[in-house]
Amino acid sequence: MDKSIADLRKDYTLKDLNEEEIDPNPFIQFKIWFNQSVAAQLPEPNAMTLATCTPDGKPSARMVLLKDIDERGFVLFTNYNSQKGQEISVNPHAALVFWWAELERQVRIVGTVEKISSAQSDSYFEVRPPFSRLGAWASNQSEIIANRDVLEAQLIEFQRQYENQEVPRPPHWGGFRVIPQEIEFWQGRSSRLHDRLRYTLVDHGNWKIERLSP
């Protein structure tokens, strides 16, 4: 291993995380941390890793953006025909990871996935910038293309098609909701003795909280 990589390390000393101070509801606790990341002006605090998997166990992961959260789960939007969309359609389980480096915090989420309603997808699509709406039509996400020119030409074609019109939501584009079964809050601590508190869904909104060894 390259010595310069092996020597990279940071001692985490900002905060601690204990059972007496967290909210018993993990969604409320997440919003507390998320709002603190926004207040700290972190770059794209809603950026998260989404991990999906094929039925035979081949994983894939990528960065996406959280666009909504409520007591049902965490919502993101994508092309349903993309790799992640196809993997979710045949294996509706996923994991999310938020990493807020400046606050020395991480949140891990494991759960099942469902499509949100067409009406909810329409509502979000309508507030996207015009070129983002056109981009949802122009990009056959995850498919191989010959070069950048192909993408640019498709964008121009849809600009012409929807000139002076509202751009409708493509039927292959919309939202997924990750419904958590486990949510782990991780706070970096000194000497790698990090704080890890995991919420596990017991039944109908009741959560068990356990401390994990780092």
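Note: the structure precedes this text.
Now for a look at the structure at hand. (Residues numbered from 1 in each chain as written. Predicted model: local features only at pLDDT ≥ 70, side-chain atom pairs only at ≥ 80, totals over all residues. Heavy atoms only, no water.)

**Considering the overall build of the chain**
Okay, so step 1: Counting its regular elements, the chain contains six helices and nine strands.
Okay, so step 2: Sorting the 214 residues of the chain into buried and exposed places 41% on the buried side.
Okay, so step 3: Put simply, 65% of the contacts in the chain that link residues at least 6 apart link residues at least 24 apart.
Okay, so step 4: Counting only carbon and sulfur atoms, one obtains 51% of the accessible surface of the chain, whose full area is about 12,500 Å².
Okay, so step 5: With 25 positive and 30 negative side-chain charges, the chain shows a separation of 2 Å between the mean positions of the two kinds. (Helix = DSSP H or I, 4+ residues; strand = E, 2+ residues; numbered from the N terminus. Buried < 20%, exposed > 50% of the residue type's maximum accessible area, 1.4 Å probe, protein only. Contact = heavy atoms within 4.5 Å. Areas by Shrake-Rupley, 256 points an atom, 1.4 Å probe, with all protein chains shown as cover. Lys, Arg positive; Asp, Glu negative; His and termini not counted. Charge placed at Lys NZ, Arg CZ, Asp CG, Glu CD.)

**As for the nonpolar core**
Okay, so step 1: Counting 31 residues, the largest nonpolar core has F30, F74, F98, W100, V107, I109 and F185 as its most contacted members.
Okay, so step 2: When residues of this core are traced back to their parent elements, those giving at least two are α2 (26–39), β1 (47–53), β4 (73–79), β5 (93–100), β6 (105–115), β7 (173–187) and β8 (195–203).
Okay, so step 3: Sequence-distant contacts of V107, defined by excluding residues within four places in its chain, comprise F30, W33, L96, V97, F98, W100, I183, E184 and F185.
Okay, so step 4: Counting 13 residues, the second largest nonpolar core, distinct from the first, contains F77, L155, Y162 and V167. (Core = buried A, V, L, I, M, F, W, Y, C linked by side-chain atoms within 4.5 Å.)

**So, the environment of L193**
Okay, so step 1: With respect to the helices and strands, L193 occurs in the loop between β7 and β8.
Okay, so step 2: Taking relative accessible area as the criterion, L193 reaches 58% and is therefore assigned exposed.
Okay, so step 3: A sequence separation of 56 residues divides L193 from W137, and the C-alpha atoms of the two residues are 48 Å apart.

**What to know about helix α3 (residues 83–90)**
Okay, so step 1: Burial in α3 covers these residues: K84, G85, E87 and I88. Seen from one end, α3 has its buried residues packed into an arc of 165°, which puts them on one side. In α3, the exposed positions that point more than 90 degrees away from the buried face belong to S89 and V90.
Okay, so step 2: On the buried face of α3, the contacting elements are β1, β2 (59–65), β4, β6 and β7. (Arc of directions from axis to C-beta.)

**Concerning the environment of T200**
Okay, so step 1: Assignment of secondary structure puts T200 in strand β8.
Okay, so step 2: Note: C-alpha distance between T200 and V110 (90 residues apart in sequence) is 9.7 Å.
Okay, so step 3: Discounting chain neighbours no more than four positions away, the residues touching T200 are Q181, E182, N206, W207, K208 and E210.

**Quick look at the pattern of salt bridges**
Okay, so step 1: Scanning the entire structure with this criterion turns up 13 salt bridges.
Okay, so step 2: When the shortest N-O distance is used, the salt bridge between R72 and D70 registers 2.8 Å.
Okay, so step 3: On the basis of relative accessible area, R72 is assigned to the partly exposed category, the value being 44%.
Okay, so step 4: Residue R148 is joined to E152 by a salt bridge in which the shortest nitrogen-to-oxygen separation is 2.9 Å. With a gap of four residues between them, R148 and E152 both fall in helix α6 (residues 148–161), about one helical turn apart.
Okay, so step 5: For E152, a relative accessible area of 35% translates into the label partly exposed.
Okay, so step 6: Via salt bridges that share partners, E19, R189, D195 and R211 belong to a single interconnected network. (Salt bridge = Lys/Arg side-chain N within 4 Å of Asp/Glu carboxyl O.)

**Quick word on the pairing of β5**
Okay, so step 1: Only one face of β5 is covered, namely the face carrying A94, L96, F98 and W100; the face carrying H93, A95, V97 and W99 is uncovered.
Okay, so step 2: With three bridges connecting them, β1 and β5 associate as antiparallel partners. The residue bridging A51 from the neighbouring strand is A95, located in β5.
Okay, so step 3: Relative to β6, β5 is paired through eight bridges, and the arrangement is antiparallel. Across the sheet, the residue bridging to A95 is V110, located in β6.
Okay, so step 4: Taken together, β5 and the strand that follows it, β6, pair antiparallel across an intervening segment of four residues, in which E104 is found at a positive phi of about 55°. (Pairing = 2+ DSSP bridges.)

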